[in-house]
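Remarks on the overall topology
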Amino acid sequence: SAVISQKPSRDICQRGTSLTIQCQVDSQVTMMFWYRQQPGQSLTLIATANQGSEATYESGFVIDKFPISRPNLTFSTLTVSNMSPEDSSIYLCSVAVRAGVGINYGYTFGSGTRLTVV
Amino acid sequence: SQQGEEDPQALSIQEGENATMNCSYKTSINNLQWYRQNSGRGLVHLILIRSNEREKHSGRLRVTLDTSKKSSSLLITASRAADTASYFCATDRGGGSQGNLIFGKGTKLSVKP
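In this text, all values refer to a predicted model and were calculated from it rather than measured experimentally.

Another aspect to go through is the state of the cysteines. Cysteine pairs can be linked by a disulfide, which is a covalent bond between their two sulfur atoms. Counted by the stated rule, this structure contains two disulfides over all chains. Between A:Cys23 and A:Cys93 runs a disulfide, and the two sulfur atoms are separated by 1.8 Å. Because the torsion about its S-S bond is -90 degrees, the bridge between A:Cys23 and A:Cys93 counts as left-handed. Note that A:Cys23 is positioned in strand E3 (residues 19–25) and A:Cys93 in strand E9 (residues 89–98), a separation of 70 residues in sequence. A relative accessible area of 0% places A:Cys23 in the buried class. Disulfide partner of B:Cys23: B:Cys89, at an S-S distance of 2.0 Å. Disulfide B:Cys23 to B:Cys89: torsion about the S-S bond roughly 65 degrees, handedness right-handed. You can see B:Cys23 sitting in strand E3 (residues 19–24) and its partner B:Cys89 sitting in strand E9 (residues 85–92), a full 66 residues away along the chain. Comparing B:Cys23 with B:Cys89, the two get one shared label, buried.

Residue-level contacts link 25 residues of chain B with 25 residues of chain A. Taken as a group, B:Arg41, B:Leu43 and B:Gln98 account for 28% of the area that chain B buries against chain A, more than any other trio of residues on that side. Counting the contacts that link chain B with chain A gives five residue pairs in polar contact (both at pLDDT 80 or more). Every element with two or more residues in the side of chain B that touches chain A is listed here: strand E4 (31–37), strand E5 (43–50), E9 and strand E10 (101–103) of chain B. Its residues assigned to classes, the side of chain B that touches chain A shows six nonpolar, 15 polar and four charged.

Tallied over the full model, the rule gives eight aromatic pairs over all chains. Geometrically, the ring pair formed by A:Phe109 and B:Tyr35 is edge-to-face, given 5.6 Å between the ring centres and 85 degrees between the ring planes. On the criterion of chain membership, the pair formed by A:Phe109 in strand E10 (residues 105–109) and B:Tyr35 in strand E4 is interchain, its members lying in two chains. Each member of the pair, A:Phe109 as well as B:Tyr35, is classed as buried. Centre to centre, the rings of A:Phe109 and B:Phe103 are 6.1 Å apart; their planes meet at 75 degrees, and the pair counts as edge-to-face. You can see A:Phe109 sitting in strand E10 and its partner B:Phe103 sitting in strand E10, one on each of two chains. Aromatic rings pair up to connect A:Tyr35, A:Phe109, B:Tyr35 and B:Phe103 into one cluster.

The rules behind these values
Residues numbered from 1 in each chain as written. Chains lettered and ligands numbered in written order. Predicted model: local features only at pLDDT ≥ 70, side-chain atom pairs only at ≥ 80, totals over all residues. Heavy atoms only, no water. Disulfide = S-S within 2.5 Å. Helix = DSSP H or I, 4+ residues; strand = E, 2+ residues; numbered from the N terminus. Buried < 20%, exposed > 50% of the residue type's maximum accessible area, 1.4 Å probe, protein only. Contact = heavy atoms within 4.5 Å. Buried area = accessible area lost by both parts, 1.4 Å probe. Polar contact = N/O pair within 3.5 Å; in protein donor to acceptor, adjacent residues only side chain to side chain. Nonpolar A, V, L, I, M, F, W, Y, C, P; charged D, E, K, R; others polar. Phe/Tyr/Trp six-rings, centres within 6.5 Å; stacked < 30°, edge-to-face > 60°.

Right, here's the structure in full:
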């Protein structure tokens, strides 16, 4: 299965600033997924990053706040812009891998970026 | 929106005991998956069970799926301190495309040595 390198692993940022998170995959993948995990909560999909096209955002997430780049099939970045304390979360990237027969996908995740906004 | 609901929210057991976590969901699924997360790090895929399967094993893990009740369970046998983590179920609505996972809220498992 794919191996994802995600960085930074953690950061403490001042409100109003921006942070860019990077994910590098060791193989070419069509789609990469970005998730947010707020403290003590489950994962929520932010957007799907497709190479060569605009990212597709889920309800409640907008490109101005979470711009995404996908310059090639192995790399993506997520920027958390104009941060506020409410943005303090773990951010994770993910890719799908085939899981057995049929159209079944398991998902490999990066190690996460723990963001604290002060 | 959240679909999977795990229970219990937290579980504390002694090493060597079995741990059972349950997951319920609301809509039809293509498959259901279980993930482990150690201390706020990345998620590790544990096991996937397809909608036409009822039970699946992987090492000390046993997963069951009851589509009529829209529920699944994860059993960890002979638990170890290293099993301490949060466990999430995730349902895949299918449709032939990727990125259709909906995660539950998770069960926090603590295994005491």
